[in-house]
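Spelled out from the first residue to the last, the chains are:
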Amino acid sequence: MRTPLVVVTGVDPTAMDTTMMSLAWDLPRAVTVRHRIDPHSQVLSRTVSDATGVLENEQVQLEHACVSCALREDILPTLERLARDGRWSAVVSGLPTGTEAGQLAHALTTDARLARHLRLSSIVAALGGEDVVHDLLSDDLLRERDAHSNPGDDRGVGEVACAQVELADLVVLDGRAGPAATDLVRALARPGAGVATDPADLDPATIVAQRHQPTRAGAWLSLGLDTELPALEGGGAWRLDLCSPRPFHPDRLLDQVERLGAGPFRSRGSFWLPTRPGVQLEWSGAGGQLSIGSHGPWERRTPVTRLLVTGIGSVPDQLEAAFEDILLTPTEALLDARSWLVAEDGLEPWLGDIRDAA
């Protein structure tokens, strides 16, 4: 019999701990395991507890202080061990602060041995305090909060927190978030995901009985946004669906990327370039921190440039104009494809060499 697993993520350790306590309180036969990474010593700490108290408090020296190593060396083996023990009806796992649950969910889906013992019931994103909007849309870095996983971790708080919300089956706020923050969370969360405005209102038995739906989550997270966009709830959040069959102009993208990528909003999606027509390129940003990269070949899909931009307050005036300005003009789009055959397009530091993309 497989043991239900609830995974808690977040960028605020206090919010994560509060949510885990609320879940465990009403699940007396549950076991909780909390992992933390010290980015300076590269040590992973593990605390296991149940209704009787703390059962384990161990430290593991990682080869590299990164999420992949932590999952491989201790997190997944510990979850399997606890599930196989037979003493507990459910496992509640708190991942290291700033960790996204995608790799863990993928492992549970593809690893037959793990799947025999663990059933991923729900992925929970815990957000805390009155700073929910700041966490999601500011340009803070994880390292500025000592929440990074290793010395080279340059990720932004907003990009990580937004990605956690977008993957989650349930988002938990701690009761102090205002209406605008709640509207923003609902706009970012995938269709059908729950949003609880207070950990005290959680129904752990229902959460454990659920089953994470990787197909639905994958459609919402896909670069092509392969799902219908639901209507926004409340009046505090806005959303722009910027879409065109035309690619971005590489020079104008370099020159004007801040017009489209810098600001207190979340943006994600994919784009293409005439200099790299066969490659789907990824766009992911929040609060002015922006990442772009090569995702993979378009294969049989028709190349499209599509960005989903979400924020609160007034829609920035420049976004739609910036999107249109960076695209190839209709005249440029009619140029012979051979005119874009160049050795370099200036985007090599982010996208790699053009010859490698061919």
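Computed from a predicted model, the values in this text were never measured in an experiment. (Residues numbered from 1 in each chain as written. Predicted model: local features only at pLDDT ≥ 70, side-chain atom pairs only at ≥ 80, totals over all residues. Heavy atoms only, no water.)

Student: Which residues make up the layout of surface pockets, and what are the values?
Tutor: Rolled over the atoms, a probe as big as a water molecule pinpoints where empty space is left. Each pocket or cavity is described by its volume, and for the largest pocket that value is around 910 Å³. If you go around the largest pocket, you meet 36 residues; those closest to its centre are E100, G102, A163, L221 and E282. Among the secondary structure elements, those contributing two or more residues to the lining of the largest pocket are α3 (102-110), α6 (157-167), α9 (214-221), β10 (266-273), β11 (276-286) and β12 (289-297). Of the residues that constitute the lining of the largest pocket, the class distribution is 11 nonpolar, 17 polar and eight charged. By volume, the second largest pocket amounts to about 400 Å³. Along its surface, the second largest pocket is lined by 16 residues, and M20, M21, A24, T32 and S49 are the ones closest to its centre. Its residues assigned to classes, the lining of the second largest pocket comprises nine nonpolar, three polar and four charged. (1 Å grid on protein atoms, 1.4 Å probe; cavity = no way out; pocket = protein on both sides within 12 Å on 5 of 7 lines; lining within 4 Å. Points joined across faces, edges and corners; volume = space filled by probe spheres on them. Helix = DSSP H or I, 4+ residues; strand = E, 2+ residues; numbered from the N terminus. Nonpolar A, V, L, I, M, F, W, Y, C, P; charged D, E, K, R; others polar.)

Student: Could you give an account of the nonpolar core, with specific residues and numbers?
Tutor: Judged by nonpolar contacts, the single largest core of 32 residues is most densely connected at L5, L79 and L104. No other element matches the eight residues that helix α2 (residues 67-85) contributes to this core. Once residues lying within four places of it in the same chain are set aside, the contact partners of L5 are L79, V91, S93, L104, L108, L118, R119, L120, S121 and S122. (Core = buried A, V, L, I, M, F, W, Y, C linked by side-chain atoms within 4.5 Å. Buried < 20%, exposed > 50% of the residue type's maximum accessible area, 1.4 Å probe, protein only. Contact = heavy atoms within 4.5 Å.)

Student: So what about empty space enclosed by the protein? Which residues, and what values?
Tutor: Under the counting rule described, the total for this entry stands at one cavity of 30 Å³ or more. The computed volume of the largest cavity comes to approximately 40 Å³. Forming the walls of the largest cavity are E166, A187, L188, W220, R266, R268, L308 and T310. Elements represented by at least two residues in the lining of the largest cavity include exactly α7 (179-188), β10 and β13 (305-312). The residue makeup of the lining of the largest cavity, split by class, is four nonpolar, one polar and three charged.

Student: Give me the packing of aromatic side chains: which residues, what numbers.
Tutor: Taken as a whole and judged by the stated rule, the model has five aromatic pairs. For the pair F271 and W283, a centre-to-centre distance of 6.0 Å together with 85° between the ring planes defines the contact as edge-to-face. Of this pair, F271 sits in strand β10 while W283 sits in strand β11, and the two are 12 residues apart along the sequence. Summarising the burial analysis for this pair, F271 and W283 share the class buried. Here the aromatic residues F248, F271, W283 and F323 are joined through ring pairs into a cluster of three or more. Taking NZ or CZ as reference, R268 lies 5.1 Å from the ring centre of W220, over its face. (Phe/Tyr/Trp six-rings, centres within 6.5 Å; stacked < 30°, edge-to-face > 60°. Lys NZ or Arg CZ within 6 Å of the ring centre and 35° of its normal.)

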